[in-house]
Amino acid sequence: MDTLNNLIDTFSEFKEFKNIDREAMMRILSDVFKAMLAKKYGSDEFFDIIVNIDKGDLEIYHTRTVVEDGEVEDDLAEIAYSDAIKIEPDFEVGDEVTEIVNYHEFGRREILAIRQNLQAKIQEYEKENIYLKYKDKVGEIINAEVSQSWRKEIIVVDEEGIELVLPKAEQIPADIYKKGDGIRAIVKTVENKNGSPVITLSRTSEIFLQRLFEQEVPEVCDGLITIRKIVREPGQRAKIAVESYDDRIDPVGACVGMKGSRIHGIVKELRNENIDVINFTTKPDLFITRALSPAKISSIVIHEAKKLAEVYMENDQVSLAIGKGGYNIKLAGRLTGYDIDVYRNSDEVDMEDDVDLVEFKDEIDEWVIEALKKMGCDTAKNVLAYTPDEVATRADLEVETVEEVFRILEAEFAEDEN
């Protein structure tokens, strides 16, 4: 009896499912019970199943044709006249008799099997529904709520309670979330793993930044401004090349907004990521010049075959071109598609009184020299023009390492003076 009650309780649960539409639920119930009837009686042909989702119940009817006594050939399809009139005295040969099938006719194992099959079918349907729903949302921004925050990933839920995953690698480094926090991200991938849908979100994708611009800048959403390319170092810096085919529209000004009103919300969403909006052009030298902003370039030599650009600038502009951690020049190269080499104007450095850093490779590790070059320092005096703390920050080196470099470089000039 308890098992029967559990089965009836299951029916009352069905109307609470929000991710399954009415017709699908009725079809699932009907299919499961038909399969059970076919297994129990050998066929489900003479049974009708009526499902009432609103009430949370289900009824099974068995229909048979009345035949003369002694002429019953198929118990499922036919009923003897003498048995039929016990149900209703007015029945005649040829009439159809419909009886409701009582759940008590099912054994305990059959009822357990029905419940398990129903649950399995519902889960299967829900998983397929989730997969199909999010498969069409790849590349779209969604709003969700943090459910669980773990070291390697965050589990979030959408408005329907569907679980989504935001891996650590797809989070902006400054992202810190706790349970209940709201979160915005794009749907990056939707996969079926072991029969279950896995929806992965991303906040580091270039597409996420593009979607944010589409939301904040009406001209981008309407197609009046085209985003040609985006490159990012999530949480640090991003560069976005924009173009307008209407001369009356300033694409950079429209994207930034009056006093930065439009871009401010995007920067805040991306944890204060610096965003450079650049006018796109097909002229490589001009595009590279714009991409290296805020640094000012004196001259540029393009080697088209090698996709190489040699950029010359004043000494005080080199560190601006390189940027903190080398992000500015790195992103400029990715945005334009050119390898960019920065050089100081020749009259800025008197090599008779200076020493190239390469000369110190026996005393200073090559990777340290490369880090110093990336911040725009290729000679000893270039390095010594800064304080150790400034070099450590700009070149992303340990202070102890920089102090040792300073000791070696200063010793070189002390020997020359002696």
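None of the values given here were measured: they were computed from a predicted structure. (Residues numbered from 1 in each chain as written. Predicted model: local features only at pLDDT ≥ 70, side-chain atom pairs only at ≥ 80, totals over all residues. Heavy atoms only, no water.)

(A) Summary view of the sheet that holds strand 10 (residues 225-233). Judged by pairing direction, the sheet is mixed, and its 3 strands sit side by side in the order 10-11-12 without closing on themselves. Each edge of the open sheet is held by one strand with a lone partner, namely strand 10 and strand 12 (274-279). When the angles between neighbouring strand axes are averaged without regard to direction, this sheet yields 20°. Two elements, strand 10 and strand 11 (residues 237-244), share 8 bridges in a ladder whose sense is antiparallel. Paired with Ile225 across the strands is Ser244, a residue of strand 11. Along the sheet face, helix 5 (residues 206-216) touches strand 10, strand 11 and strand 12 and points at about 140° away from the line of strand 10. (Pairing = 2+ DSSP bridges. Helix = DSSP H or I, 4+ residues; strand = E, 2+ residues; numbered from the N terminus. Axes fitted to C-alpha atoms, helices over the stretch in contact; angles between N-to-C directions. Contact = heavy atoms within 4.5 Å.)

(B) Expanded view of the side chain of Asp158. Checked against the element boundaries, Asp158 lands in the loop between strand 6 (153-157) and strand 7 (163-167). Using a relative accessible area of 6% as the deciding quantity, one classes Asp158 as buried. Among the polar contacts made by the side chain of Asp158, one reaches the main-chain amide nitrogen of Glu160 at a distance of 2.9 Å. Contact partners of Asp158, with chain neighbours within four places excluded, come to Lys133, Tyr134, Asn143, Ala144 and Leu164. (Buried < 20%, exposed > 50% of the residue type's maximum accessible area, 1.4 Å probe, protein only. Polar contact = N/O pair within 3.5 Å; in protein donor to acceptor, adjacent residues only side chain to side chain.)

(C) Region of interest: the packing of helix 5 against helix 8 (residues 261-269). Contact pair helix 5 / helix 8: the axes reach a minimum separation of 10 Å and the direction vectors enclose 145°. Crossing angle aside, the handedness with which helix 5 passes helix 8 is right-handed. Judged by residue contacts, Phe208, Leu209, Leu212, Phe213 and Glu216 of helix 5 engage Arg262, Ile263, Ile266 and Glu269 from helix 8. (Left-handed = near helix turned anticlockwise from the far one by under 90°.)

(D) Inspection of the environment of Asn102 at higher detail. Tracing the chain through its elements places Asn102 in the loop between strand 4 (96-101) and helix 4 (108-135). We classify Asn102 as partly exposed; its relative accessible area is 41%. Once the C-alpha coordinates of Asn102 and Tyr61 are considered, the two residues, 41 residues apart in sequence, prove to be 9.1 Å apart.

(E) Summary view of a nonpolar patch on the surface. Residues Tyr81, Ile85 and Val93 make up a contiguous nonpolar surface patch of about 220 Å² in total accessible area. You can see Ile85 is positioned in helix 3 (residues 81-87). (Patch = residues over 30% accessible without salt bridge, like charges linked within 9 Å, V, L, I, M, F, W, Y side chains within 5 Å. Areas by Shrake-Rupley, 256 points an atom, 1.4 Å probe, with all protein chains shown as cover. Salt bridge = Lys/Arg side-chain N within 4 Å of Asp/Glu carboxyl O.)

(F) Molecular detail of the pairing of strand 6. When strand 5 (residues 141-149) meets strand 6, the two strands line up antiparallel, connected through 4 bridges. Note that in strand 6 the partner of Gln148 across the bridge is Ile155. Linking strand 5 to strand 6, which pair antiparallel, is a turn of 3 residues. Direction of pairing for strand 6 relative to strand 7: antiparallel, over a ladder of 5 bridges. Note on strand 7: the bridge partner recorded for Val157 is Glu163. The turn linking strand 6 back onto strand 7 is made up of 5 residues, and Gly161 within it adopts a positive phi angle of 85°.

(G) Structural view of unusual backbone geometry. Look at the link from Ser293 to Pro294: it is a cis peptide, with omega at 15°. By secondary structure assignment, the location of Pro294 is in the loop between helix 9 (284-291) and strand 13 (299-303). Phi is positive for Asn194, close to 55°, though the residue is something other than glycine. Among the structural elements, Asn194 can be located in the loop between strand 8 (182-193) and strand 9 (196-202).

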